[in-house]
Amino acid sequence: MPHWWPQFEFLRPWWLCALVALPVLAVGFRRSLVDLPKRQMWTSLGVRSAIVVLLILSLSGLVQVSRSNDVFVVFAMDRSLSVGDAGRQYAADFLKNATQQAAGDRWAVLPFGAVPSDFTQSLNVTSAAVGDNETAALAAAAAELGTNLQAAIDVAVAGIPAEFVPHVVLLSDGHQTDGDVMISVATGTRISTVPLATRSEPEIQVSAVNVPTQVAMDSPFNVEVVIDTNHADDVLVEVFRGDYLIKSERHAITVGENRLQFSEQIDRPTQFTARIVRPADATVSEDGTSVFRDTLLDNNSASGLVHTAGKPRVLLIDRVTEAAQALEWALTEEGILVDVRPPQAVPETLAELQDYDVVVLSNIPASDLSVQQMDVLRTFVRDVGGGLIMLGGDESFGLGGYYKTVVEDVLPVRSDFEKEKEKPALAMMLVIDKSGSMGGQKLELAKDAARGSVELLSDKDQIGVIAFDGMPHWVSEMTSASQKSTVIDRISAIELGGGTTLYPAMQEAFRALQATSSKLKHVIILTDGHSTPGDFEGIAQDMAAMRMTVSTVGLGEVDESLLRRIAEIGNGRAYFCTDATSVPQIFAKETITASKSALNEDPFLPLLARATPVLDGVDFDTAPFLLGYVVTQPKPTSEVILVHPETQDPILSWWRYGLGMSVAFTSDARNRWAADWLSWEGFNKFWAQIVRFSLKKTSDSRGMTIDIQRRGTMASVVVDALDDTGQFLNQATTKLSVVDPQLQAQTLTLTQTAPGRYAGQFEMSAPGAWNLQVTQSVAAETIHQQTRGVVVGYADELRIRQTNTALLTSIAELSGGKFEPSADAIFDPLPAESAVSAAPAWSWLLALALLLFVLDVALRRLELSRIFGTAVHRAELRL
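Attention here is on the structure that accompanies the text. These numbers were taken from a predicted model, which means no experiment stands behind them.

Before going further, it helps to examine the pattern of salt bridges. With the rule as written, the count across this model stands at 28 salt bridges. A salt bridge links K434 to D469; the nearest nitrogen and oxygen atoms lie 3.3 Å apart. Taken together, the residues span a long stretch of sequence, with K434 in the loop between β21 (426-433) and α11 (441-456) and D469 in the loop between β22 (462-468) and β23 (472-480) at a distance of 35 residues. The partner of D720 in a salt bridge is R757, with the nearest N and O atoms 2.8 Å apart. Residue D720 is found in strand β35 (residues 714-721), and its partner R757 is found in strand β39 (residues 757-763); the two are separated by 37 residues along the sequence. On the basis of relative accessible area, D720 is assigned to the partly exposed category, the value being 24%. Salt bridges here are not isolated pairs; linked through shared partners, they connect R319, D368, E395 and K589.

Let us now look at the sheet that holds strand β33 (residues 660-665). Within the open sheet, the eight strands sit side by side as β17-β16-β18-β19-β33-β32-β31-β28. Their pairing is mixed. At either margin of the open sheet sits one strand with a lone partner, and together these are β17 (337-341) and β28 (607-608). Alignment of strand β16 (residues 313-318) against β17, held across five bridges, turns out to be parallel. Across the sheet, residue L315 finds its bridge partner in β17, namely D339. Set on the sheet, helix α7 (residues 325-333) makes contact with β16, β17, β18 (358-362) and β19 (387-391); between it and β17 the angle comes to about 160°. Contacts between helix α9 (residues 371-382) and the sheet are confined to β18, β19, β32 (650-657) and β33, with β18 contributing the most and set at about 135° to the helix.

Another aspect to go through is the environment of I566. Along the polypeptide, I566 turns up in helix α15 (residues 560-569). Judged by relative accessible area, I566 falls into the buried class, the value being 1%. Other than its neighbours up to four places away in sequence, I566 contacts L502, M506, F536, A540, V550 and T552.

Once that is clear, we can look at the sheet that holds strand β9 (residues 214-216). Pairing within the open sheet is mixed, and its five strands lie in the order β9-β15-β14-β11-β12. Pairing within the sheet leaves two strands with one partner each, and these edge strands are β9 and β12 (244-253). For this sheet, the mean inter-axis angle between neighbouring strands, taken without regard to orientation, is 25°. Pairing geometry for strand β14 (residues 270-277) and strand β15 (residues 301-309), over six bridges, is antiparallel. Each residue of the ladder has a partner; that of Q271, found in β15, is L305.

Our focus in this paragraph is helix α3 (residues 85-99). With 15 residues, α3 extends 21 Å from end C-alpha to end C-alpha; this agrees with the ideal 21 Å at 1.5 Å per step. Of the residues making up α3, those classed as buried are G87, R88, A91, A92, F94, L95, A98 and T99. The arc that holds the buried residues of α3, viewed along the axis, is 160°, so those residues lie on one side. The outward face of α3, more than 90 degrees from its buried face, is lined by the exposed residues D85 and A86.

Across the interface, helix α14 (residues 536-545) lies against α15 with an axial gap of 8 Å and an inter-helix angle of 20°. Overall, the two elements α14 and α15 adopt an arrangement that is roughly parallel. In the packing of α14 onto α15, the handedness of the crossing is right-handed. In this structure, α14 uses F536, E537, A540, Q541 and A544 to contact α15, whose residues at the interface are L562, R565, I566 and I569.

What counts as what
- Residues numbered from 1 in each chain as written.
- Predicted model: local features only at pLDDT ≥ 70, side-chain atom pairs only at ≥ 80, totals over all residues.
- Heavy atoms only, no water.
- Salt bridge = Lys/Arg side-chain N within 4 Å of Asp/Glu carboxyl O.
- Helix = DSSP H or I, 4+ residues; strand = E, 2+ residues; numbered from the N terminus.
- Buried < 20%, exposed > 50% of the residue type's maximum accessible area, 1.4 Å probe, protein only.
- Pairing = 2+ DSSP bridges.
- Contact = heavy atoms within 4.5 Å.
- Axes fitted to C-alpha atoms, helices over the stretch in contact; angles between N-to-C directions.
- Expected span 1.5 Å × (residues − 1).
- Arc of directions from axis to C-beta.
- Parallel < 35°, antiparallel > 145°, perpendicular 65-115°, else oblique.
- Left-handed = near helix turned anticlockwise from the far one by under 90°.

Written out as structure tokens, the structure is:
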């Protein structure tokens, strides 16, 4: 049968069985009582039978199948950074020459990099060839950082109409950084590949820093720095251990791969970073070229992480490092390594915090920690399994402004609590700047801070809120804090205004507090600018004379001397913030401090409320008095170990938070409240056992090996595990916890793929340090637990590589295309190729059935012979 003959197929051929209804229809007509001429009756039967046949054909999915040899070519052009200028120009010229041979065939261009772009050209049958201007534009198009050959092929194939023979021409250097192109090759579309040259500019890169994944503490091991270059050069190699430069050497490197090794030993998990820089005495060589020729700088450094097991290490954070000496010495004598740092040195990345098993915050206010530092601490406990211990003090817990922070989420105690009845009532005024400069995040955080302060007050307290710009505006008159919801709603309605005039607002606050009978009266002033002149010192002195306290919060560039004088005269505190996100913590700290409800400085003997093996051997019968503590409230699922004998307030409590432990000791370990404890013989043992209880829960790693391999943006993890007898550990629940550089966590369940082997994969795209923790358990008992770190450096697109002709050849051979075809042969069809398209016929069949239905109604309702006979008779009479 000729290919141009119409061919039909049925998508649902079982509906053809309904044709058996035709004889039934004929029998019905034979028994019909309709009195019509026999010829008209048989005509009606034929029409009705045709209607039934047409409906059955529609239901059976009748389609017309047609074949065509017309070719549609999609030119998928690699626009990634790894393709050199010469390769881009070659691709543009190839496209120009190929499209000149298109004749009546259709074609389109699909630029792609990390993701495919839109089709830049989709021409009709009368295709126009690419011109010189278009060639120049294609060659000069901006490069992308990434190559996804799979996505490019998928989009190209999907964009070819079904009535054409598909042909994809892939112009690329063959280096894919994402996806797997061989999956798309298996679809059967013909793919021809045109190799493009990679970058040829002078380039030097640090390809890798090879280090063992884990070593014994203080055991020597090799650090290997791999440097690749496409030309001989002279470079300065710098190697860092953490933040410290440990090696700086000049090396002559040759074309290809260069490996440098040196010996190192560590006592903690460490990140090694190598980078190459221009030598300080670089000169011009004899041939006129300068030493250290390099085009891309982003690939001049790489890192590697080494883990080690040994003595536990604690990071002790204290504003006054001398005040932490007692606790530092106590832990050191118990074999625990301690690093003491000020709050400014709290790590801001998880990689830096990996050096430690426990973090101790000793009387550190929340305002001393950035949002990033607090997020890192939470991730360290929740997702890495580290320990967090918070010690009390006059700037800790609620007094430190931790209310509603992520750190309070981690702690086993809360800062919001009902004040004791005997504590005096507080009247507080919030004076908030709402001038135009407070726009955006500033005013929203200020309102959030004010709302938080109101929430911390008890029902017998009083609260008033004034917002000021060029003049004061009462947001909420002085009212009982029992009306919290009303006050909070009014605070939320504060809107921006004009200038900055503070003095009248202070006068209004002073008058409002004078009218109250509360024993404690406090004013918090927030501003982000310079106020118009006023008698600020005089009003502050008047407030102090009336036993009112004034604290000031300066945000951004403010008149620091003025705000500091107001706070000093008003017996309050002055805060100056460069980051508006710390304002809520300052307001919370000020509110709790002013209420004098969170501090109890009466001597007491802590009472053991719950026996625990953690404190075995600690004799509390001989423990001396503690001289004070911060009042907190235990969370419902926390374990309270030590309490105040009268108030039952928690002194020592802990709970498990995610994978780690969080401990709250509401007294301190200094010579203020724990002055007598420092000389107690149980002091060292008490703190050592609490710290050991809070350590990362890692088991012996000799029975587990972890292999991590990256390919593009995907990482594969393979875990091999043995039990205590050396046999394969099978049917173990294996969890992989992954924390990315942005502190986003995910947990995967690895699948057993072989005896003792478990595998899984996840996307690892963001640059930076990734933390991985593998936990294996059998019957809810943890058998193995290990932590690994992986540093994702610069993108693979920036690496020095030659064109991957092997991959491009495989793509062409497996898909039936050609490797490196000539531009003139792109549109040549193969004799065996044809496109098959199917056009549904149901719409035409239903339309015809509807027309026949109208005819059938006419045949059943009208006697056509009489109509036609009358018409003939009239015609004869006219004649």
